[in-house]
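Single-letter residue listing:
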Amino acid sequence: MIWYPYEQMKTMKTPYKIEDAQGVYLYTKDQKLIDSVSSWWSVIHGYKHPELNNAIEEQLKKFSHVMLGGLTHEAAQKLSDKLQSWLPGDLDYCFFSDSGSVAVEVALKMALQYYMNRGENQRTMVLALERAYHGDTFKTMEIGDDEDYHFVLNAYGKSKHVVHIPTEIPALEEAFEKYHEQLNCFIVEPLLQGAGGMQMYDISFLKRARQLCDQYGILLIFDEVATGFGRTGNRFVADLVLPDILVLGKALTGGYIGHAVTVANHKVYEGFYDEDPTHALMHGPTFMGNALACSAALKSIELFETQDYMSKIKQIAEITRREMEGFADPRIKEIRIMGGCVCLEVYDPAVLQGYQAFAYERGVFSRPFLSYLYAMVPYIIREEELIRVLDTMKEWFRTR
Ligand SMILES: *Cc1c(COP(=O)(O)O)cnc(C)c1O
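Computed from a predicted model, the values in this text were never measured in an experiment.

Details of the overall build of the protein
When helices and strands are tallied, the protein shows 13 helices and 16 strands. A globule of 400 residues ought to have a C-alpha radius of gyration of about 21 Å, and the protein, at 21 Å, matches this closely. Viewed in the frame of its principal axes, the protein has a C-alpha envelope of about 65 × 55 × 45 Å. Relative to its 400 residues, the protein shows a buried fraction of 54%. Here the contacts in the protein between residues at least 6 apart in sequence split such that 72% fall between residues at least 24 apart. Only carbon and sulfur atoms are counted for the fraction: they give 52% of the accessible area of the protein, which is about 18,200 Å².

Things to note about the packing of aromatic side chains
For the coordinates displayed, the defined rule picks out 26 aromatic pairs. On the numbers, 6.2 Å between centres and 90° between planes, the contact of F176 with F186 is edge-to-face. Placement of the pair is F176 in helix α7 (residues 169-179) and F186 in strand β7 (residues 183-188), with a sequence separation of 10 residues. For the pair formed by F176 and F186, the shared burial category is buried. Ring plane angle 90° and centroid distance 5.4 Å describe the contact between Y355 and W396, whose orientation is recorded as edge-to-face. Taken together, the residues Y355 in helix α12 (residues 355-361) and W396 in helix α13 (residues 383-398) connect sequence positions 41 residues apart. W396 carries the same exposure label as Y355, and that label is buried. Ring-pair connections join several aromatic residues into one group, and the members of that group are W86, F229, F236, F304, Y309 and Y379. Above the plane of the ring of Y115 lies R123, whose end atom (NZ or CZ) is 4.9 Å from the centre.

So, the sheet that holds strand β13 (residues 332-338)
Sheet architecture is open: three strands sit in the order β13-β14-β16, paired in antiparallel fashion. Unpaired on one side and paired on the other, β13 and β16 (372-375) mark the two borders of the sheet. Each strand of the sheet is rotated relative to its neighbour by a mean of 10°, with strand direction disregarded. Taken strand by strand, helix α11 (residues 309-324) contacts β13 and β14 (341-346), and its axis lies near 155° from that of β13. The strands that α13 touches are β13, β14 and β16; relative to β16, the one it contacts most, it runs at about 160°.

Details of the site of the ligand
Residues in contact with the ligand, as listed here, are W41, S99, G100, S101, Y133, H134, G135, E189, D223, V225, A226 and K250. Between the ligand and the protein, one listed contact pairs a nitrogen atom with a side-chain N or O atom of D223 at 2.7 Å. K250 has a polar side-chain atom sitting 2.6 Å from an oxygen atom of the ligand. Residues belonging to the shell around the ligand are distributed by class as follows: four nonpolar, five polar and three charged.

A look at the pattern of salt bridges
Considering all chains together, one arrives at 25 salt bridges under this definition. Between E305 and K82 there is a salt bridge, with the nearest N and O atoms lying 2.9 Å from each other. Here the residue E305 occupies a position in helix α10 (residues 291-306), and K82 occupies one in helix α3 (residues 74-86), the gap between them amounting to 223 residues. Ionic pairing is found between E120 and R118, a salt bridge with its closest N-O pair at 3.1 Å.

Notes on the side chain of Q59
Its location among the elements puts Q59 in helix α2 (residues 50-62). You can call Q59 buried: its relative accessible area is 7%.

Section: the state of the cysteines
Counting across every chain of the model gives zero disulfides. Note on C94: no disulfide assigned, nearest cysteine sulfur contributed by C294 at a separation of 9.6 Å. Overall, the relative accessible area of 21% leaves C94 in the partly exposed class. This cysteine, C213, is not joined by any disulfide, and C185 carries the nearest cysteine sulfur, 8.6 Å off.

What to know about the UniProt feature "modified residue: N6-(pyridoxal phosphate)lysine" (unreviewed entry) in the protein
Feature annotation in UniProt assigns "modified residue: N6-(pyridoxal phosphate)lysine" (unreviewed entry) to the following positions: K250. Looking at where K250 falls in the secondary structure, it is placed in the loop between β11 (245-248) and β12 (260-265). Look past the residues within four positions of K250 in its chain and what remains in contact with it is W40, W41, S42, V225, A226, G255 and H259.

Regarding unusual backbone geometry
The residue W40 is not glycine, and still its phi comes out positive at about 50°. Considering the arrangement of structural elements, one finds W40 in helix α1 (residues 38-41). On the basis of relative accessible area, W40 is assigned to the partly exposed category, the value being 39%. A positive phi angle is found at M198, which is not glycine, with a value near 50°. Here M198 lies in the loop between β8 (192-193) and β9 (199-200).

So, how was this worked out
- Residues numbered from 1 in each chain as written.
- Predicted model: local features only at pLDDT ≥ 70, side-chain atom pairs only at ≥ 80, totals over all residues.
- Heavy atoms only, no water.
- Helix = DSSP H or I, 4+ residues; strand = E, 2+ residues; numbered from the N terminus.
- Rg over C-alpha atoms; globule rule 2.2 N^0.38 Å.
- Buried < 20%, exposed > 50% of the residue type's maximum accessible area, 1.4 Å probe, protein only.
- Contact = heavy atoms within 4.5 Å.
- Areas by Shrake-Rupley, 256 points an atom, 1.4 Å probe, with all protein chains shown as cover.
- Phe/Tyr/Trp six-rings, centres within 6.5 Å; stacked < 30°, edge-to-face > 60°.
- Lys NZ or Arg CZ within 6 Å of the ring centre and 35° of its normal.
- Pairing = 2+ DSSP bridges.
- Axes fitted to C-alpha atoms, helices over the stretch in contact; angles between N-to-C directions.
- Near = heavy atom within 4 Å.
- Polar contact = N/O pair within 3.5 Å; in protein donor to acceptor, adjacent residues only side chain to side chain.
- Nonpolar A, V, L, I, M, F, W, Y, C, P; charged D, E, K, R; others polar.
- Salt bridge = Lys/Arg side-chain N within 4 Å of Asp/Glu carboxyl O.
- Disulfide = S-S within 2.5 Å.
- UniProt positions renumbered as here; feature names shortened; annotations may be inferred.

Below is the structure:
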């Protein structure tokens with residue numbers, strides 16, 4: 001019996017059973033559905049992509065996995081080389097792991113230990129954002145600010161190791177002023193906060209954060225697990241403002257295999273690099289650098305580059321803006337669009353009750369949550385398919 005995620009099992013409705021998937025489509029026994037969620041924002045090239053399939057099959061002929069403890073292999077080496085040259089600035093050191101949550105844990109551990117290695121043991125605090133989501137493991141829940149996990153707050157009380165601020169510059173400046181001696185890092189989902197409700201904010205906030213981190217010597221971490229690989233309309237937000245540590249996941253493997261990477265810059269790496277064995281980073285997920293995942297990631301990045309995905313994403317944003325122009329409804333609080341993400345926020349979550357079944361009937365898979373109806377489509381989507389996704393959203397409001 002499967003225990004499903006984020007569900008009260010007693011009342012959950014039967015999930016749709018997928019029997020096949022190709023391109024942007026999911027196939028159930030009786031319906032063909034555009035996946036407007038990209039399987040939790042990861043399947044950027046669509047399903048059953050021939051080149052991605054082939055890359056994995058080729059690696060499978062050699063081996064599917066060997067551990068990175070004491071061993072290494074070409075796929076992981078090539079992927080780290082590629083990321084080193086492809087990512088901005090001196091983000092050069094790749095620590096692989098099997099999921100975004102773990103990769104964020106690694107980033108937080110790096111930030112804490114970076115200062116411990118220097119004898120700055122008082123720097124135990126993390127600055128984070130209100131509405132942040134960084135994963136479902138305990139430390140990532142602690143630095144997150146997500147209603148779903150408030151039971152943890154009830155159990156332990158508010159952590160004294162984290163401060164949450166809104167995405168406003170005065171609050172940012174005040175927090176640095178007040179806590180700079182205890183902080184080891186400031187972690188953000190840059191520009192777009194996904195699970196917190198597709199909240200969007202301005203780059204000026206991140207630019208100011210970079211200045212303050214430099215001024216006070218605090219590490220800046222970008223959790224681009226969701227925003228990476230073009231979702232905000234930027235290849236990475238890290239292309240605009242350079243963090244000290246960058247976390248990638250979700251679309252890293254084109255949504256093929258769970259994998260993630262924590263990429264550190266030279267400053268962070270050098271904080272661990274010396275004669276003292278206790279200064280080493282003591283972490284090692286069993287499946288880090290999995291060869292099938294690395295092969296998929298390499299091919300995914302190759303497709304992203306050679307097929308000019310950035311212009312595909314630009315088009316998705318343009319079509320979305322055009323189609324949403326002039327659309328309004330008194331039940332809708334705000335329509336937000338950024339790159340390959342569109343979100344309709346309603347005042348009352350009850351308004352979205354029944355939307356999933358409505359969309360299913362119209363050949364769209366959607367999964368609204370709380371008061372957010374959104375789409376994050378695969379980048380290979382065709383114009384008429386994207387219009388169908390958006391029309392379905394509009395029709396929901398027009399027909400009731
Ligand atoms: C999904 C997500 C994570 C967690 O990734 P998992 O692979 O689900 O563990 C972390 N951070 C952000 C911003 C995410 O969207």
